[in-house]
Amino acid sequence: MFLVSCFRILDRGVVRALAMVDAVQRANAAPLLANANLTLGLWIRDSCSDVSTALRATEDFIREERHWRRRPVMALVGAGQSEISIAVARQLTLQMIPQISYSSTASILSDKSRFPAFLRTIPNDEHQTGAMVSLISSFQWSWVGMVTTDGDYGLSALNNFLWQTADRQICVAFKSVLPESVTNQNIHAAIRQTALTIYNNPKVKVIVSFAKPTIMESLFKELKRQTLAAGDSLDAMRRVWIASDSWSSMDLKNVEELGHVVGFHFKRGNIEQFVNFLSRLEASEEGEVQSSHSLVASTVASGETESGMLGMCSVQMAVLAIAYAAVEMCRHNDCKTPEAIQPWQLLEALWMEEFETEGARYRFDQRGDINLGYDVSVWKVQAGGTVQETVAEYQPQNHSFSFTRGDAMNPLTALKNIVSRCSSSCAPGQFKKSAEGQHTCCYECINCTENYYSNSTDMDQCFSCNTDREWAPEGSVACIPKEMLFFCWNNGFAIVLVAFSALGIVLALLISALFYHQRHTPVVRASGGPLSQVILYSLIVSFVSAMLFVGQPNSAQCKARQVLYGISFTVCVSCVLVKTLQILLAFQFNPAQQDVLRKLFQPYVIVSVCSALQVVTCICWLVLKSPFSYIINQNTTLLQDCHEGSYIAFGVMLGYIALLAFICFVCAFKCRKLPQQYNEARFITFSMLLYLMSWLLFIPIYVTTSGVYLPAVEMVVILISNYGILSCHFFPKCYVILLKKDKNTQSAFKKSLYEYSSKSTASFETSESSENAVGLDWSTVEIKSVEVSVLNQDLKQRQSLRRSFSV
């Protein structure tokens, strides 16, 4: 049978054994046990870092106690390694003997359904890996490597680390699992492969390791050998090494070659009394203990292996927990009789009883752990060699670090300049796109598309803008509010159009005043008298309606502008139509028909009926489907405009005006050859032609155009129509009234009519059909004053001409 032999002494193991001795001695000397008349006994066995050896030692505890009828072993402190503690815990669970470990951190040991008698005075690996992940995340390292062993401790740490990094956007570039035992025949090949993996991943600047000290020492040597063999400098092997509690206390040589080493340790606590104990032990010349451990005690007392003392607090807490529990158990049981008490009773007391050390009280949680957090240290080179310095404490309650020194003086500050990423950071305005099958940390940076944005670095996706009111160009870091557009008052084109509208209103008012002042003159009376005023004021309303096309539209404005224009211009064209029909009535029918038609001809009735039809159309439009204000959502802007509600009604309204204008055009065209003073037919023809052409051009432009200037298109057409009426109907009259006053007399009108009658006689000699081309501009219903005499003279002349031709 092959038995593992202990061929060397580890300083850390000896120090922990001495800490156990010191803790038991101080507990026995303390009032707590002295008052209870209790004494703790001590039996130390070496596990030789081997599971089988540890199991045999555990069996010896139980068998020898029974064989020699000693007092039963009530509790076991240890072991140091998780693999050994797991095996021993299964054995002790059979008799529910409590086991308290000072450094076994495997998470599986917190499963009380499998290890109900196992306790520990340290946090489990979930907390340690969580602290490591918090540190990695705080430095924004997202591309890390993992080195561990194939034992329960290493595999448990690996699983916890992978689980916790998944939620923190940290990727594990590689996972190297080495054999747990240094005697494994594959250990050297595995170390060579791990070193090669590290060398071939230069972007991985951070490596987390849960391996043993001996394995890490061999790995560092192999990595150095491969780096030099490849012809690279030692800078190529420099990394940030994050050490777990399994090797964070080892003595490292040539740390500057490795880069930076950050270690996680259990709380050291106050070791002053333990150092005094070692000093006394060193000075002692007596006893077997001195001869066995004098070198270790001397070294520790001098502070040369102070890193090996990290975690001594956990050993002392284990002894204190047993002492407090024993006192509580003996209060309710007869501890003087060995058979009267059982280990499970002490286990119950351990679960229930608090214990005190250094002024603080502690109790095992429901998982059997005590989570004090961790000390974080770094290795640094000093004149005397390599030393560790505690630089931070990890607070498990809030998952944060408290630094022992400020940023400027803290050695961890140097790590902020180290970048460990698979891909460069994506700037705001970009997002990460990972290729299928690759790590999520390996990606390319893609600009956010239009109407999407990202406002921080390394975004997994871009956020969408609310396209109802925002937009964003490609690669944006924020959404831009869409500008609200409309044909506003401060627009240069709008200012011009409004100025023309205002000018039209002023001109119409001035002409109205002039016509009222000259209302008894032949020119004004021949222009229609009161109907001219109706035309002018309808044009004023039409000019006002044109202004409603400017400014931010609202529903009331949308309804008013079309209706006002439609009704007002209908009134205007209806009056023009009356004047045109009156010309036809005067000159395009024989006298017998004229008498009958003149009785039926009622100008104001015609104007009222024509206007009423348009009013009915507009009322139906407003009631059934009226215009309204709405917003057109464009790519980068919001266009506020008026929707006509019913384009059919809009077309009917414009078509009706166009029909009246066309009738005016046809009638006026037939009466275009009359005396200069009477002839408005040519001007009516031109104004109606101008109206029809402008609105014919408007229709295709209106249908095919969109944007802020669409209201301006209709506004321009309205102004053209209005100014066409003003220019053709009123400006010539004003010219005569103001500048040709000699022609605005009854004698001038008689002379003009006489000359026209003479021409008419000659025209009859040529063709009787020319009679149909003669006409008189007449706009009043009642034939009065000068117009009556002139018309009668003209009619008499025409009759005499007819009689002369008959003869």
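Scroll up for the structure.
Residues numbered from 1 in each chain as written. Predicted model: local features only at pLDDT ≥ 70, side-chain atom pairs only at ≥ 80, totals over all residues. Heavy atoms only, no water.

Comments concerning the packing of aromatic side chains
- Overall, the coordinates contain 27 aromatic pairs when judged by the stated rule.
- Measuring from centroid to centroid gives 6.0 Å for Tyr-691 and Trp-695, while their planes differ by 50°, and the two rings are tilted. Of this pair, Tyr-691 and Trp-695 both sit in helix α21 (residues 681-704), 4 residues apart, roughly one helical turn.
- Stacked on the ring of Tyr-516, the Lys or Arg Arg-519 has its end atom at 4.3 Å from the ring centre. (Phe/Tyr/Trp six-rings, centres within 6.5 Å; stacked < 30°, edge-to-face > 60°. Helix = DSSP H or I, 4+ residues; strand = E, 2+ residues; numbered from the N terminus. Lys NZ or Arg CZ within 6 Å of the ring centre and 35° of its normal.)

Quick notes on the sheet that holds strand β21 (residues 628-633)
- With respect to topology, 3 strands assemble into an open sheet ordered β20-β22-β21, the strand pairing being mixed. The sheet terminates laterally at β20 (483-485) and β21, the two strands that pair on one side only. Across the sheet, the mean angle from the axis of one strand to that of its neighbour is 30°, orientation sign disregarded.
- Across 3 bridges, β20 lies against strand β22 (residues 637-643) in parallel orientation. If you follow Met-484 over to β22, its bridge partner there is Leu-638. (Pairing = 2+ DSSP bridges. Axes fitted to C-alpha atoms, helices over the stretch in contact; angles between N-to-C directions.)

A look at the pattern of salt bridges
- Summed over all chains, the structure comprises 16 salt bridges.
- Between Arg-26 and Asp-22 there is a salt bridge, with the nearest N and O atoms lying 3.1 Å from each other. Note that Arg-26 and Asp-22 are positioned in helix α1 (residues 11-29) at a spacing of 4 residues, about one turn of the helix.
- On the basis of relative accessibility, which here comes to 1%, the residue Asp-22 falls in the buried class.
- For Lys-267, the salt bridge is made with Asp-375, and the minimal N-O distance between the two is 3.3 Å. In this pair, Lys-267 sits in the loop between β8 (259-266) and α10 (272-283) while Asp-375 sits in strand β11 (residues 374-382), placing the two residues 108 residues apart along the sequence. With respect to burial, Lys-267 and Asp-375 carry one shared label: buried.
- Linked by salt bridges that have partners in common, Lys-267, Asp-375 and Glu-393 make up one network. (Salt bridge = Lys/Arg side-chain N within 4 Å of Asp/Glu carboxyl O. Buried < 20%, exposed > 50% of the residue type's maximum accessible area, 1.4 Å probe, protein only.)

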